[in-house]
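Geometric and topological summary
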Amino acid sequence: MKGFKIPLAIIALVFGGFAAIGIVQPSVEYGVSVDVSRDRMTTWNVMVADDLMSEWVDGFKSVELIEGEMNTVGSKYEVVIQQEGEEFIMVETLTVVEPGKRLAFSIENDVLTTQLDITFEAGTDGGTKVTTHNVAQGKGWFYRSLFSLMLSSFQEQEAKNYNAFAELVDRSDIDVFLEEKES
């Protein structure tokens, strides 16, 4: 009987320690800043161009307006992302829309809720500084604990996406694309 007590105690300690992580840190915060050479409105227009998202959001599959009007506070979108062969469907709800200045929204799916705030500030030489701030919270103790341990992965993915966004905004053909979209 003694032979079972020690392994069971170790398992209980590991399990309890894991659960405690999500209690101590129920949400994670992360974000990035990138500088682009384009003005704030051009940068904004690239950000809200649904047909460009696959060029900078890793694993992006689709986005569809499901409620409200495009790019207005309260509008909801179904966003589909594929990672490691698995599709994740999320509902994104716009909470702040200030063209060229700020975009904020909540993202929710079965395992998490994230609040994302993106600001567009005047940068150097007429460019733009784009800054993101995310607060992600897992649904349930397991995901809260897991996400706390995955913080560096969230940060790395955010940096990868927004570095790709900066490259996209700075592409020489982006003005032509945006002009065609307007006509």
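Everything numeric in this text was worked out from a predicted model, so none of it was measured. (Residues numbered from 1 in each chain as written. Predicted model: local features only at pLDDT ≥ 70, side-chain atom pairs only at ≥ 80, totals over all residues. Heavy atoms only, no water.)

Take unusual backbone geometry next. Located in the positive-phi region is Asn71, a residue other than glycine, with phi close to 55°. Considering the arrangement of structural elements, one finds Asn71 in the loop between β3 (60-67) and β4 (76-83). Accessibility expressed as a relative area gives 31% for Asn71, which makes it partly exposed. Positive phi, close to 50°, is recorded for Asp125, a residue that is not glycine. Mapped onto the elements, Asp125 comes out in the loop between β7 (112-122) and β8 (128-138). The class of Asp125 is exposed, set by a relative accessible area of 81%. (Helix = DSSP H or I, 4+ residues; strand = E, 2+ residues; numbered from the N terminus. Buried < 20%, exposed > 50% of the residue type's maximum accessible area, 1.4 Å probe, protein only.)

This part covers the confidence of the model for the protein chain. Here the protein chain averages 87 in pLDDT, while 84% of its residues score no lower than 70. When the elements of the protein chain are averaged for pLDDT, helix α1 (residues 2-24) gives the smallest value, 63, and strand β6 (residues 102-108) the largest, 97. (pLDDT = per-residue confidence, 0-100.)

In this section: the pairing of β6. The element β6 is extensively covered by neighbouring structure, given that five of its seven residues are classed as buried. Where strand β5 (residues 86-98) meets β6, seven bridges bridge the pair, whose relative direction is antiparallel. Within β6, the position partnered with Glu92 by the bridge is Ile107. Counting the residues between successive antiparallel strands, the hairpin from β5 to β6 contains three residues, one of them, Gly100, with a positive phi of roughly 80°. (Pairing = 2+ DSSP bridges.)

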